[in-house]
Amino acid sequence: HLQQLTSGDMDFSVPVNSMPAATAEDAELAALKLREDWNLGLDPISDLTDVLEDQRIHVIEVDAPERFDGISGLASDSAGKPCAAAVVTRRGVPGDRQRLNLAHELGHLVLKPQQGADEEKLAFRFAGAFLAPAECLRKDVGGRRTAVRVDELLMMKARYKISLQAVLRRLVDLQIISQGYYKDSCIQINKRGWRKREPAPIQPEQSRWLKKTTLRCLSEGLITSEKAEALLGEKLDQHPLASLVQRSEFLKLPLEDRRRLLQQHAEQVADQYRRDTSWKDIQEGDVLE
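Definitions and limits used
- Residues numbered from 1 in each chain as written.
- Predicted model: local features only at pLDDT ≥ 70, side-chain atom pairs only at ≥ 80, totals over all residues.
- Heavy atoms only, no water.
- Pairing = 2+ DSSP bridges.
- Helix = DSSP H or I, 4+ residues; strand = E, 2+ residues; numbered from the N terminus.
- Axes fitted to C-alpha atoms, helices over the stretch in contact; angles between N-to-C directions.
- Phe/Tyr/Trp six-rings, centres within 6.5 Å; stacked < 30°, edge-to-face > 60°.
- Lys NZ or Arg CZ within 6 Å of the ring centre and 35° of its normal.
- Parallel < 35°, antiparallel > 145°, perpendicular 65-115°, else oblique.
- Contact = heavy atoms within 4.5 Å.
- Nonpolar A, V, L, I, M, F, W, Y, C, P; charged D, E, K, R; others polar.

**Student:** Is there a simple way to explain the sheet that holds strand β3 (residues 70-76) in this structure?
**Tutor:** The 3 strands are arranged β2-β4-β3 in an open sheet whose pairing can be described as mixed. With partners counted over all chains shown, the strands left at the sheet margins are β2 (57-62) and β3, one partner each. Ignoring strand direction, the axes of neighbouring strands in this sheet form an average angle of 25 degrees. Here β3 runs beside strand β4 (residues 82-90); their pairing, made up of 7 bridges, is antiparallel. Looking at β4, one finds that A75 is bridged to A84.

What follows is the structure, given as structure tokens:
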């Protein structure tokens, strides 16, 4: 309902199950094409949740068992045409894992796996390519490496906001490191106890669409304050600043009425200053720069 109130007849720009993929290379190219279509460039995505919600893909967190990573779904209009989507992740996971899960579910939404293809592998390859594009990654680490230091991996983790394990997976997928080196690195990660709890954790992203859109609808008078509080599950300020509509109505009044109202407001403010003298402490006290 909120989306209908704010988006109107805007087209849904997610190419649902329309990007054919039979191989990992197809998934890689699909990720690059979607970035291009959404004007994201090749730099790391600072907030994937914002990107998805800008495309009407709603990000939802749920309490779920540890074996649950994510799921995606579509909403259709009365004509059966997709008009929105949702990706669901488990609450409480580190930000790097959350982002990979979200990108993975995005892959499931847009890819059209060809007969015999492994859908999960395609979605994971898509996710890696979407979050860490090959061209950008090769500029950072080089086209071919015989070894990569842990502190380099940590820098890549911070830059792309994906796990150390995901960084290594990208490096081997792009043949920057060998399969043997990749396997040895995974063994070392296990030995250090980093498989489930990595160093330098990434903070989880937060969805802002619901609050932002609810407050917008409330400000425009499209929903009541009771409805807004029910949607957000919190109490809202019932005395917001005057809206543009209120100011517009004021300017429509005759000049004498406007002067009278302004005089009344000035007297109320002056009376408040007379009763509350705390402002003098600010005026007379030291000013800190």
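Further notes follow.
**Student:** Teacher, can you tell me more about the packing of aromatic side chains here?
**Tutor:** What describes a pair of aromatic rings is the distance from one ring centre to the other and the angle between the planes of the rings. One pass over the full model with this rule turns up 2 aromatic pairs. An angle of 90 degrees between the planes, with centres 6.3 Å apart, marks the rings of W38 and F130 as edge-to-face. Taken together, the residues W38 in the loop between α2 (24-37) and α3 (48-54) and F130 in helix α5 (residues 119-131) connect sequence positions 92 residues apart. An aromatic cluster of three or more residues is present, and its members are W38, F126 and F130. Between the NZ or CZ atom of R35 and the centre of the ring of F130, over which it lies, the distance is 5.6 Å.

**Student:** Help me out: how do you make sense of the packing of helix α10 (residues 209-219) against helix α11 (residues 225-232) in this one?
**Tutor:** When two helices pack together, their arrangement is given by the angle between the helix axes and by the axis-to-axis distance. With their axes 10 Å apart at the nearest point, α10 and α11 run at an angle of 175 degrees to one another. Here α10 is positioned roughly antiparallel relative to α11, judged by the angle of their axes. For the pair formed by α10 and α11, the contact residues are L210, K211, T214, L215 and L218 on the first element and S225, A228, L231 and L232 on the second. Grouping the constituent residues of the contact of α10 with α11 by class yields 6 nonpolar, 2 polar and 1 charged.

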